[in-house]
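Remarks on the overall topology
Here is how the chains run, residue by residue.
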Amino acid sequence: MISIKSEEEIELLRIAGEITGSTHNYIKKYIKPGVTTLELDRLCEEYILSRGATPSFKGYDGFPGTVCASVNDEVVHGIPGNRVLKEGDIITLDIGACYKGYHGDSAWTYAVGEISDEKKYLMEHTEKSLFKGLAAIHDGCYVGDIGYAVSKYAKEHNLGVVRELVGHGVGTDVHEEPDVPNYGARHTGPILKEGMVIAVEPMLNLGTRKIYMLEDGWTIITADGKPSAHFEHTVLVTKDGYEILTRR
Ligand code: MG
Ligand code: MG
(Lines give C-alpha, C1' and ligand atoms only; values in the text may rest on other atoms or scores of the structure.)
(Ligands and ions follow the chains in the order given, each with its own letter.)
Protein backbone atom coordinates (compact mmCIF):
# COMPACT_ATOMS: atom_id res chain seq x y z
CA MET A 1 0.00 0.00 0.00
CA ILE A 2 1.33 3.41 -0.98
CA SER A 3 0.01 5.92 1.51
CA ILE A 4 -1.66 9.16 0.48
CA LYS A 5 -0.76 11.88 2.94
CA SER A 6 -3.27 14.16 4.65
CA GLU A 7 -2.83 17.95 4.58
CA GLU A 8 -1.50 17.83 8.15
CA GLU A 9 1.04 15.17 7.21
CA ILE A 10 2.10 17.11 4.13
CA GLU A 11 2.73 20.18 6.30
CA LEU A 12 5.06 18.13 8.54
CA LEU A 13 6.79 16.61 5.50
CA ARG A 14 7.32 20.14 4.15
CA ILE A 15 9.02 21.14 7.40
CA ALA A 16 11.17 17.98 7.51
CA GLY A 17 12.08 18.56 3.86
CA GLU A 18 12.94 22.20 4.45
CA ILE A 19 15.25 21.23 7.34
CA THR A 20 16.91 18.59 5.14
CA GLY A 21 17.44 21.04 2.27
CA SER A 22 18.71 23.72 4.66
CA THR A 23 21.21 21.26 6.13
CA HIS A 24 22.70 20.92 2.64
CA ASN A 25 22.82 24.70 2.33
CA TYR A 26 24.49 24.97 5.70
CA ILE A 27 27.12 22.27 5.15
CA LYS A 28 28.27 23.11 1.64
CA LYS A 29 30.57 25.96 2.75
CA TYR A 30 32.51 23.50 4.93
CA ILE A 31 33.25 21.09 2.08
CA LYS A 32 36.86 21.82 1.19
CA PRO A 33 40.28 20.16 1.18
CA GLY A 34 41.45 19.25 4.69
CA VAL A 35 38.08 18.58 6.33
CA THR A 36 37.24 15.05 7.47
CA THR A 37 33.94 13.34 6.69
CA LEU A 38 33.35 12.99 10.43
CA GLU A 39 33.65 16.76 10.90
CA LEU A 40 31.01 17.27 8.20
CA ASP A 41 28.83 14.65 9.90
CA ARG A 42 29.08 16.41 13.29
CA LEU A 43 28.21 19.79 11.78
CA CYS A 44 25.15 18.32 10.04
CA GLU A 45 24.01 16.64 13.24
CA GLU A 46 24.35 19.87 15.25
CA TYR A 47 22.41 21.78 12.60
CA ILE A 48 19.58 19.22 12.38
CA LEU A 49 19.24 19.14 16.18
CA SER A 50 19.29 22.96 16.33
CA ARG A 51 16.24 22.93 14.03
CA GLY A 52 14.25 20.74 16.42
CA ALA A 53 14.65 17.63 14.23
CA THR A 54 16.66 14.41 14.53
CA PRO A 55 18.90 12.67 11.98
CA SER A 56 16.86 10.05 10.08
CA PHE A 57 19.77 7.74 9.34
CA LYS A 58 21.60 7.64 12.67
CA GLY A 59 20.93 4.21 14.12
CA TYR A 60 18.90 3.16 11.06
CA ASP A 61 19.73 -0.56 10.80
CA GLY A 62 22.66 0.39 13.05
CA PHE A 63 24.17 3.03 10.73
CA PRO A 64 26.64 4.97 12.91
CA GLY A 65 26.57 8.38 11.19
CA THR A 66 24.13 11.25 10.83
CA VAL A 67 24.87 11.49 7.11
CA CYS A 68 26.17 9.07 4.51
CA ALA A 69 29.43 10.49 3.18
CA SER A 70 30.54 8.76 -0.02
CA VAL A 71 33.76 9.88 -1.73
CA ASN A 72 34.74 9.38 -5.40
CA ASP A 73 34.11 5.70 -6.29
CA GLU A 74 31.91 5.23 -3.22
CA VAL A 75 28.32 5.15 -4.46
CA VAL A 76 26.33 5.30 -1.22
CA HIS A 77 26.36 4.60 2.52
CA GLY A 78 29.91 5.78 3.19
CA ILE A 79 30.49 5.92 6.95
CA PRO A 80 31.74 9.29 8.22
CA GLY A 81 35.23 8.94 9.69
CA ASN A 82 38.78 10.24 9.65
CA ARG A 83 39.11 10.37 5.88
CA VAL A 84 40.46 13.79 4.93
CA LEU A 85 38.99 15.32 1.79
CA LYS A 86 41.49 16.48 -0.78
CA GLU A 87 41.47 18.75 -3.79
CA GLY A 88 39.81 17.00 -6.74
CA ASP A 89 37.57 14.67 -4.70
CA ILE A 90 33.83 14.56 -5.07
CA ILE A 91 31.67 13.74 -2.07
CA THR A 92 28.03 12.79 -1.83
CA LEU A 93 26.26 13.74 1.37
CA ASP A 94 23.00 11.88 1.84
CA ILE A 95 21.05 13.70 4.54
CA GLY A 96 17.80 12.80 6.29
CA ALA A 97 15.96 14.81 8.95
CA CYS A 98 12.97 13.70 10.99
CA TYR A 99 10.52 16.31 12.30
CA LYS A 100 7.65 15.23 14.56
CA GLY A 101 7.89 11.72 13.10
CA TYR A 102 8.06 12.72 9.41
CA HIS A 103 11.16 12.52 7.24
CA GLY A 104 12.97 14.41 4.52
CA ASP A 105 15.65 12.67 2.41
CA SER A 106 18.06 14.36 0.01
CA ALA A 107 21.47 13.46 -1.39
CA TRP A 108 23.77 15.81 -3.30
CA THR A 109 27.26 15.41 -4.76
CA TYR A 110 29.75 18.21 -4.17
CA ALA A 111 33.14 19.09 -5.65
CA VAL A 112 36.09 19.46 -3.28
CA GLY A 113 38.08 22.36 -4.71
CA GLU A 114 38.89 22.03 -8.43
CA ILE A 115 37.80 18.73 -9.97
CA SER A 116 38.49 17.01 -13.30
CA ASP A 117 36.33 17.61 -16.35
CA GLU A 118 35.09 14.03 -16.25
CA LYS A 119 33.89 14.44 -12.66
CA LYS A 120 32.19 17.72 -13.65
CA TYR A 121 30.50 15.86 -16.51
CA LEU A 122 29.33 13.09 -14.19
CA MET A 123 27.93 15.55 -11.64
CA GLU A 124 26.22 17.77 -14.19
CA HIS A 125 24.45 14.93 -15.95
CA THR A 126 23.51 13.02 -12.81
CA GLU A 127 21.82 16.17 -11.47
CA LYS A 128 20.06 16.65 -14.81
CA SER A 129 18.91 13.02 -14.80
CA LEU A 130 17.19 13.66 -11.45
CA PHE A 131 15.17 16.48 -12.99
CA LYS A 132 14.37 14.34 -16.05
CA GLY A 133 12.95 11.74 -13.69
CA LEU A 134 11.01 14.32 -11.69
CA ALA A 135 9.53 15.77 -14.88
CA ALA A 136 7.72 12.46 -15.46
CA ILE A 137 5.77 12.83 -12.20
CA HIS A 138 2.11 13.83 -11.98
CA ASP A 139 -1.12 12.38 -10.66
CA GLY A 140 -1.74 9.18 -12.63
CA CYS A 141 1.84 8.56 -13.81
CA TYR A 142 3.54 5.21 -13.40
CA VAL A 143 6.64 4.63 -11.30
CA GLY A 144 8.23 3.09 -14.41
CA ASP A 145 7.90 6.45 -16.22
CA ILE A 146 10.41 7.95 -13.77
CA GLY A 147 13.04 5.24 -14.16
CA TYR A 148 12.57 5.22 -17.91
CA ALA A 149 13.29 8.97 -18.07
CA VAL A 150 16.35 8.72 -15.80
CA SER A 151 17.93 5.77 -17.60
CA LYS A 152 17.20 7.14 -21.07
CA TYR A 153 19.05 10.34 -20.17
CA ALA A 154 21.89 8.42 -18.50
CA LYS A 155 22.33 6.17 -21.55
CA GLU A 156 22.40 9.17 -23.87
CA HIS A 157 25.28 10.47 -21.79
CA ASN A 158 27.10 7.16 -21.48
CA LEU A 159 26.73 6.88 -17.72
CA GLY A 160 26.13 3.65 -15.79
CA VAL A 161 22.83 3.44 -13.90
CA VAL A 162 23.07 1.69 -10.53
CA ARG A 163 20.19 -0.78 -10.33
CA GLU A 164 20.60 -2.40 -6.91
CA LEU A 165 19.66 0.78 -5.03
CA VAL A 166 16.43 2.63 -5.66
CA GLY A 167 14.27 5.56 -4.62
CA HIS A 168 11.32 5.04 -2.33
CA GLY A 169 8.22 6.43 -0.65
CA VAL A 170 8.77 8.79 2.30
CA GLY A 171 6.58 9.45 5.33
CA THR A 172 6.69 8.32 8.94
CA ASP A 173 9.28 5.85 7.72
CA VAL A 174 12.21 7.17 5.71
CA HIS A 175 11.87 4.19 3.35
CA GLU A 176 8.26 3.38 2.45
CA GLU A 177 6.54 1.82 -0.52
CA PRO A 178 6.91 2.02 -3.45
CA ASP A 179 10.41 1.29 -4.72
CA VAL A 180 11.35 3.90 -7.32
CA PRO A 181 14.05 2.37 -9.57
CA ASN A 182 16.24 4.45 -11.85
CA TYR A 183 15.44 2.18 -14.77
CA GLY A 184 12.24 0.76 -16.14
CA ALA A 185 9.66 0.87 -18.89
CA ARG A 186 6.93 3.43 -19.38
CA HIS A 187 3.46 2.54 -18.14
CA THR A 188 4.75 -0.13 -15.77
CA GLY A 189 4.80 -0.38 -11.99
CA PRO A 190 2.51 1.27 -9.44
CA ILE A 191 0.46 4.34 -10.36
CA LEU A 192 1.25 7.51 -8.39
CA LYS A 193 -1.53 9.68 -7.01
CA GLU A 194 -1.74 13.24 -5.78
CA GLY A 195 -0.70 13.31 -2.10
CA MET A 196 1.92 10.57 -2.33
CA VAL A 197 5.48 11.47 -1.31
CA ILE A 198 8.51 9.82 -2.89
CA ALA A 199 12.29 10.22 -3.04
CA VAL A 200 13.80 10.07 -6.54
CA GLU A 201 17.54 9.42 -6.42
CA PRO A 202 19.58 8.52 -9.47
CA MET A 203 23.04 7.10 -8.75
CA LEU A 204 25.10 7.27 -11.93
CA ASN A 205 28.61 5.99 -12.55
CA LEU A 206 31.22 7.27 -14.96
CA GLY A 207 31.98 3.68 -15.90
CA THR A 208 30.25 0.38 -15.29
CA ARG A 209 26.93 0.23 -13.45
CA LYS A 210 28.32 -2.69 -11.42
CA ILE A 211 28.94 -2.16 -7.72
CA TYR A 212 29.95 -4.11 -4.63
CA MET A 213 29.94 -3.72 -0.87
CA LEU A 214 33.06 -3.18 1.25
CA GLU A 215 33.82 -5.35 4.26
CA ASP A 216 32.43 -2.67 6.60
CA GLY A 217 29.01 -3.96 5.55
CA TRP A 218 27.83 -0.50 4.48
CA THR A 219 29.96 1.26 1.89
CA ILE A 220 28.99 0.49 -1.72
CA ILE A 221 31.65 1.19 -4.35
CA THR A 222 31.89 0.96 -8.12
CA ALA A 223 33.36 -2.26 -9.49
CA ASP A 224 35.80 -0.45 -11.79
CA GLY A 225 36.89 2.24 -9.31
CA LYS A 226 35.47 5.08 -11.42
CA PRO A 227 33.56 7.88 -9.68
CA SER A 228 29.86 7.87 -8.90
CA ALA A 229 27.39 10.71 -8.28
CA HIS A 230 24.03 10.78 -6.53
CA PHE A 231 21.32 13.45 -6.52
CA GLU A 232 18.07 13.06 -4.59
CA HIS A 233 15.00 15.08 -3.75
CA THR A 234 11.93 14.15 -1.74
CA VAL A 235 8.85 15.34 -3.64
CA LEU A 236 5.09 15.51 -3.23
CA VAL A 237 3.05 14.22 -6.18
CA THR A 238 0.57 16.91 -7.27
CA LYS A 239 -2.24 16.97 -9.81
CA ASP A 240 -0.09 18.42 -12.57
CA GLY A 241 3.42 17.59 -11.45
CA TYR A 242 5.40 17.60 -8.24
CA GLU A 243 6.50 19.86 -5.41
CA ILE A 244 10.10 19.55 -4.18
CA LEU A 245 9.99 19.23 -0.38
CA THR A 246 13.78 19.19 0.13
CA ARG A 247 14.39 22.42 -1.75
CA ARG A 248 17.39 24.49 -0.67
MG1 MG B 1 18.93 9.71 0.74
MG1 MG C 1 16.56 7.98 -0.26
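That block above? That's the structure.
On a predicted model such as this, the values are computed, not experimentally measured, just so you know. (Residues numbered from 1 in each chain as written. Chains lettered and ligands numbered in written order. Predicted model: local features only at pLDDT ≥ 70, side-chain atom pairs only at ≥ 80, totals over all residues. Heavy atoms only, no water.)

**Re the sheet that holds strand β3 (residues 74-76)**
Worth spelling out the cut-off: In this description, strands pair whenever DSSP reports at least two bridges between them. Strands are runs of DSSP state E lasting at least 2 residues, helices are runs of H or I lasting at least 4, and numbering of each runs from the N terminus. Orientation is described by lines fitted to C-alpha atoms, with helices fitted over the stretch in contact, and by angles between N-to-C directions that extend from 0 to 180 degrees.
Strand order in the open sheet formed by three strands is β3-β12-β11, with antiparallel pairing between adjacent strands. At either margin of the open sheet sits one strand with a lone partner, and together these are β3 and β11 (211-213). Put simply, the sheet's adjacent strands are angled 40° from each other on average, direction ignored. Alignment of β11 against strand β12 (residues 220-222), held across three bridges, turns out to be antiparallel. Residue pairing for β12: Y212 is matched across the bridge by I221.

**Some remarks on the coordination of the magnesium ion (ligand 1)**
By definition of the ideal shapes, four donors in a tetrahedron about a metal sit 109.5 degrees apart, and six donors in an octahedron sit 90 or 180 degrees apart. Heads up, the condition is: Each metal site is built from N, O and S donor atoms within 2.8 Å (3.2 Å for Na, K and Ca), and since water is not included, such sites may look incomplete. Each residue is assigned to one of three classes by its accessible area relative to the maximum for its type, calculated with a 1.4 Å probe on protein chains only: buried under 20%, partly exposed between the two thresholds, exposed over 50%.
Protein ligation of the magnesium ion (ligand 1) involves D94 (OD), D94 (OD), D105 (OD) and E232 (OE), the donor distances falling in the range 2.0 to 2.5 Å. Sequence spacing of the donors to the magnesium ion (ligand 1): D-x10-D-x126-E. Exposure remark for D105: the relative accessible area of 1% places this residue in the buried category. Take E232: its relative accessible area is 0%, and that puts it in the buried class.

**Details of the nonpolar core**
The cut-off we apply is this: Take the buried residues of types Ala, Val, Leu, Ile, Met, Phe, Trp, Tyr and Cys, join any two whose side-chain atoms come within 4.5 Å, and each joined set is a nonpolar core.
Judged by nonpolar contacts, the single largest core of 49 residues is most densely connected at I91 and L93. Examining the composition of this core, we find that six residues originate from one element, strand β4 (residues 90-99), more than from any other. In this structure, Y102, V170, V197 and L245 belong to the second largest nonpolar core, which totals eight residues.

**Topic: helix α2 (residues 37-50)**
For clarity, the cut-off: Take the residue count of a helix, subtract one, and multiply by 1.5 Å to get its expected span. Every residue pair with non-hydrogen atoms within 4.5 Å of one another is taken to be in contact.
An ideal rise of 1.5 Å per residue puts 20 Å on 14 residues; α2 measures up with 20 Å between its terminal C-alpha atoms. Buried residues of α2: T37, L40, D41, L43, C44, E45, Y47 and I48, and no others. Buried residues along α2 sit against α1 (7-27), β1 (54-55), β2 (68-71) and β4. Of the residues trailing α2, G52 is marked for its positive phi of about 80°.

**A short note on the sheet that holds strand β10 (residues 203-205)**
Within the open sheet, the three strands sit side by side as β6-β10-β13. Their pairing is antiparallel. In this open sheet, the two strands that pair with only one neighbour each are β6 (160-161) and β13 (228-230).

**Considerations on the side chain of T219**
Tracing the backbone shows T219 in the loop between β11 and β12. The class of T219 is buried, set by a relative accessible area of 3%. Those residues in contact with T219, other than ones at most four positions away along the chain, are E74, V76, H77, G78, I79, Y212, M213 and L214.

**Points about the coordination of the magnesium ion (ligand 2)**
Around the magnesium ion (ligand 2), the protein contributes the donor atoms D105 (OD), H168 (NE2), E201 (OE) and E232 (OE), which lie 2.1 to 2.2 Å from the metal centre. Written as a sequence motif, the donor residues of the magnesium ion (ligand 2) are D-x62-H-x32-E-x30-E. Here the magnesium ion (ligand 2) and the magnesium ion (ligand 1) are spaced 3.1 Å apart, and both take D105 as a donor. Of the two residues, H168 is situated in strand β7 (residues 167-169) and E232 in the loop between β13 and β14 (233-237); the sequence distance between them amounts to 64 residues.

**Here we look at unusual backbone geometry**
E177 connects to P178 through a cis peptide bond whose omega is 0°. One can find P178 in strand β8 (residues 176-180). Notably, K100 is not glycine yet its phi reads approximately 45°, a positive angle. Tracing the chain through its elements places K100 in the loop between β4 and β5 (102-111). Phi angles above zero are rare outside glycine, and H187 is one such case at about 60°. Along the chain, the position of H187 falls in the loop between β8 and β9 (197-200). Look at H187 and you get exposed, because its relative accessible area is 58%.

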